[in-house]
Amino acid sequence: RPPEPVKIRQGPPLRYPLGPMPRPLPADDELLRPTLAAGDDPVHMRQAWNPWTLVVLTVLGGPLTGGVLFAENYRRLGRRELFAAVLAGALVLLVVGGYAAAYLRRLEAFAEWSDSNVLKLAMRACAVLYAAPLATLQGRRFRVFTGNGGEQGKLLLIGIVALFGAGMLGNLLGFGVMKWAS
């Protein structure tokens, strides 16, 4: 005599105990899709600096310090064609910072501030607006560089030189623009 068929009891649908059901895993073709572009080849990269470390130095030294360091880092990351554009952007932001300082100096809220403090505030704001997007843009190439075994460059000596050299020159130029604009 044949065995009797097993009866399956239908109950309520199963629920995931931690909320909605998790998303299914991606298909194989999505996992194997390359995320690197053709220009992300690490062949011409050498001892690059961490872009987010450069952000800190840019905030401390101003837009000109950041321009010099980010431009050199683009060169180290194999993107020599962006060197001049990054330096030009730093000079433009230096002028913008000087004009911003001249504008802030006219406001009542900053009437008691010294010229140097107003200039520092304007330059730091310009430095953050300049450095954060550059660090984000350089971050991908830096990850490619370190992911392929690249060794980070030493930043201590050149960072100190950039802070004092480009930082002081940037402050002098920014102060000149501020005085000229007011």
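Now for a look at the structure at hand.

Cut-offs used in this document
- Residues numbered from 1 in each chain as written.
- Predicted model: local features only at pLDDT ≥ 70, side-chain atom pairs only at ≥ 80, totals over all residues.
- Heavy atoms only, no water.
- Patch = residues over 30% accessible without salt bridge, like charges linked within 9 Å, V, L, I, M, F, W, Y side chains within 5 Å.
- Areas by Shrake-Rupley, 256 points an atom, 1.4 Å probe, with all protein chains shown as cover.
- Salt bridge = Lys/Arg side-chain N within 4 Å of Asp/Glu carboxyl O.
- Helix = DSSP H or I, 4+ residues; strand = E, 2+ residues; numbered from the N terminus.
- Axes fitted to C-alpha atoms, helices over the stretch in contact; angles between N-to-C directions.
- Parallel < 35°, antiparallel > 145°, perpendicular 65-115°, else oblique.
- Left-handed = near helix turned anticlockwise from the far one by under 90°.
- Contact = heavy atoms within 4.5 Å.
- Nonpolar A, V, L, I, M, F, W, Y, C, P; charged D, E, K, R; others polar.
- Phe/Tyr/Trp six-rings, centres within 6.5 Å; stacked < 30°, edge-to-face > 60°.
- Buried < 20%, exposed > 50% of the residue type's maximum accessible area, 1.4 Å probe, protein only.
- Lys NZ or Arg CZ within 6 Å of the ring centre and 35° of its normal.
- Polar contact = N/O pair within 3.5 Å; in protein donor to acceptor, adjacent residues only side chain to side chain.

### Looking at a nonpolar patch on the surface
Link 1 in the chain: Judged by side-chain polarity, Leu156, Ile160, Phe164 and Met168 come together as a nonpolar surface patch covering roughly 470 Å² of accessible area.
Link 2 in the chain: Summarising the element assignment, Leu156 is placed in helix α6 (residues 156–181).

### Description of the packing of helix α4 (residues 83–106) against α6
Link 1 in the chain: One way to put it is that α4 packs onto α6 with a least axis distance of 8 Å and a crossing angle of 50°. Taken as axis vectors, α4 and α6 run oblique relative to one another. Between α4 and α6 the crossing geometry is right-handed. Side by side, α4 and α6 meet where Leu94, Val95, Gly98, Tyr99, Ala101, Ala102 and Arg106 of the first sit next to Gly170, Leu173, Gly174, Val177, Met178, Trp180 and Ala181 of the second.
Link 2 in the chain: Split by residue class, the contact of α4 with α6 holds 10 nonpolar, three polar and one charged.

### Quick word on the packing of aromatic side chains
Link 1 in the chain: Across all of its chains, the model carries three aromatic pairs by this definition.
Link 2 in the chain: Between the aromatic rings of Phe110 and Trp113, the centroid separation amounts to 4.8 Å while the plane-to-plane angle is 85°, which identifies the pairing as edge-to-face.
Link 3 in the chain: With a centroid separation of 6.4 Å and an interplanar angle of 35°, the aromatic rings of Phe142 and Phe145 are classed as tilted. Separated by three residues within a single helix, Phe142 and Phe145 lie in helix α5 (residues 115–147), roughly one turn from each other. The same class applies to Phe142 as to Phe145, namely buried.
Link 4 in the chain: Of note, Arg75 hangs over the ring of Phe83, and the distance from its end group to the ring centre comes to 4.0 Å.

### Considering the side chain of Thr65
Link 1 in the chain: Structurally, Thr65 can be placed in helix α3 (residues 63–76).
Link 2 in the chain: Reaching out from Thr65, the side chain makes a polar contact with the backbone oxygen of Gly61 at a distance of 3.2 Å.
Link 3 in the chain: The contact partners of Thr65, leaving out residues within four places of it in the chain, are Leu57, Ala162, Leu163, Ala166 and Gly167.

### Considering the environment of Phe164
Link 1 in the chain: By secondary structure assignment, the location of Phe164 is in helix α6.
Link 2 in the chain: Taking relative accessible area as the criterion, Phe164 reaches 55% and is therefore assigned exposed.
Link 3 in the chain: Between the alpha carbons of Phe164 and Gly61 there is a distance of 7.5 Å; along the sequence they are 103 residues apart.

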